[in-house]
Amino acid sequence: GAYEHRTNISGRDEIAQIGEEFNSLTDRLQTTETLRRRFVSDASHELKTPLAAIRLLTDSILQTDQMDMETVRDFVTDIGSEAERLSRITEDLLRLTRLDSDLLDAPETVEVAPVLEQVMRMMSLLAQKKGTELTYRMEENCRVSATKGEVHQVIYNLTDNAVKYSGKNGKVRVELRHEDHDVVLTVADNGPGIPEEDLPKVFERFYRVDKARSRAAGGTGLGLSIVQDTVKKRGGMVSAANRPNGGAVFTVRWPEAEGGDHS
Ligand code: ADP
């Protein structure tokens, strides 16, 4: 590997301690490097699939002497969706890269309720189209230290998943409330839930329980890692669980911004 410079300093003194710390740092660098490589390789693979499809579709159009207009149209429509997929992936990758770097926008005190309402207005159109029942309940004065864009992104990604995966006769419930000194957001659905062994992994980049299903629904496998990184950057956390009567529930906790009151 690239980091084989471990030391053999030993003894019961400070130098031994330095040696140990050096080795632990080396191990951590090695892990980071391995993760980085895997990320680049996964990302390349994700980009390759739609690109290959686009090439195949264009080749078919170009190499066929007689193709009726309707078929051409179908193929071009497919090319369009693959291109859309590519832009979704690149957008998500850029977002993650930005979160990885320390180029973070200065936080403001964000009142979550109006942002939640804005996302709900947009999502209810999508939900209606799918026949999903989307309801929400919120407390006022839930303030977090972040940017509006981040709060929007977190609520959007979680609700989008809930609507996407809850399927027919879906029910999605979004709640915003105070709890101790946190602002808590829960997004619950009545879909298939997540197999217990996959629960800790769903926040990993490109991880999907069902690849085909995620792809068909237009997923990139990055939505939840974006949520996790976005929330963590502001000192919060997100977790996934299954509901006792079926369906998944995601819980986000942000530390409440200074000056928030519980009235
Ligand atoms: P994707 O673009 O595939 O939705 P995400 O990072 O948003 O990627 O989610 C990762 C995976 O977690 C999904 O592919 C899906 O398998 C699972 N998942 C996320 N939300 C839900 C949900 N509400 N119900 C069931 N499975 C979910």
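The structure under discussion appears in the preceding block.
A few points on the structure.

So, how was this worked out
- Residues numbered from 1 in each chain as written.
- Predicted model: local features only at pLDDT ≥ 70, side-chain atom pairs only at ≥ 80, totals over all residues.
- Heavy atoms only, no water.
- Helix = DSSP H or I, 4+ residues; strand = E, 2+ residues; numbered from the N terminus.
- Expected span 1.5 Å × (residues − 1).
- Bend = angle between axes of the 7 residues up to and from the residue.
- Buried < 20%, exposed > 50% of the residue type's maximum accessible area, 1.4 Å probe, protein only.
- Contact = heavy atoms within 4.5 Å.
- Pairing = 2+ DSSP bridges.
- Core = buried A, V, L, I, M, F, W, Y, C linked by side-chain atoms within 4.5 Å.
- Axes fitted to C-alpha atoms, helices over the stretch in contact; angles between N-to-C directions.

**Quick notes on helix α3 (residues 112-130)**
A rise of 1.5 Å per residue sets the reference length of α3, with its 19 residues, at 27 Å; its end C-alpha atoms lie 26 Å apart and thus fit the reference within 8%. Where α3 bends most, the angle comes to about 30 degrees, and this point is M123. Three or more residues of α3 are buried, namely V112, A113, V115, L116, V119, M120, M123 and A127. If you follow the buried residues of α3, they end up packed against β1 (108-111), β2 (133-138), β3 (143-146), α4 (148-166), β4 (171-179) and β5 (182-189). Where α3 ends, the next residue or the one after it, G131, has phi of about 75 degrees, a positive value.

**Some remarks on the pairing of strand β6 (residues 237-242)**
Pairing of β6 with strand β7 (residues 248-255), which is carried by six bridges, proceeds in the antiparallel orientation. For V238, the partnering residue across the bridge sits in β7 and is V252. A loop of five residues connects β6 with β7, the two strands running antiparallel in sequence, and G246 in this loop sits at a positive phi of about 100 degrees.

**Brief notes about the environment of K48**
For K48, the location among the structural elements is in helix α1 (residues 14-63). Considered as a pair, K48 and A217 are 169 residues apart in the sequence and their alpha carbons are 19 Å apart.

**Considering the nonpolar core**
Grouped together as the largest cluster of nonpolar side chains are 38 residues, with contacts concentrated most on V151, L158, L185, F250 and W254. Every element with two or more residues in this core is listed here: α3, β3, α4, β4, β5, α6 (223-232), β6 and β7. For this core, the leading source of residues is α3, giving eight residues. Residues within four places of W254 in sequence aside, it is in contact with V144, V151, V154, H181, D182, V183, L185, V231, R234 and G236. Ranked by size, the runner-up nonpolar core spans nine residues in total, among them F39, L93, L222 and I226.

**Here's the deal with the sheet that holds β6**
The strand order across the open sheet formed by five strands is β2-β4-β5-β7-β6, and the pairing between neighbours is mixed. Each edge of the sheet is formed by a strand with only one pairing partner; in this case those strands are β2 and β6. Averaged over neighbouring strand pairs, the angle between their axes works out to 15 degrees when direction is ignored. With seven bridges connecting them, β5 and β7 associate as antiparallel partners. Bridging from a neighbouring strand, A188 pairs with V249 of β7. Packed on one face of the sheet, α4 meets β2, β4, β5 and β7 and runs near 20 degrees to β5.

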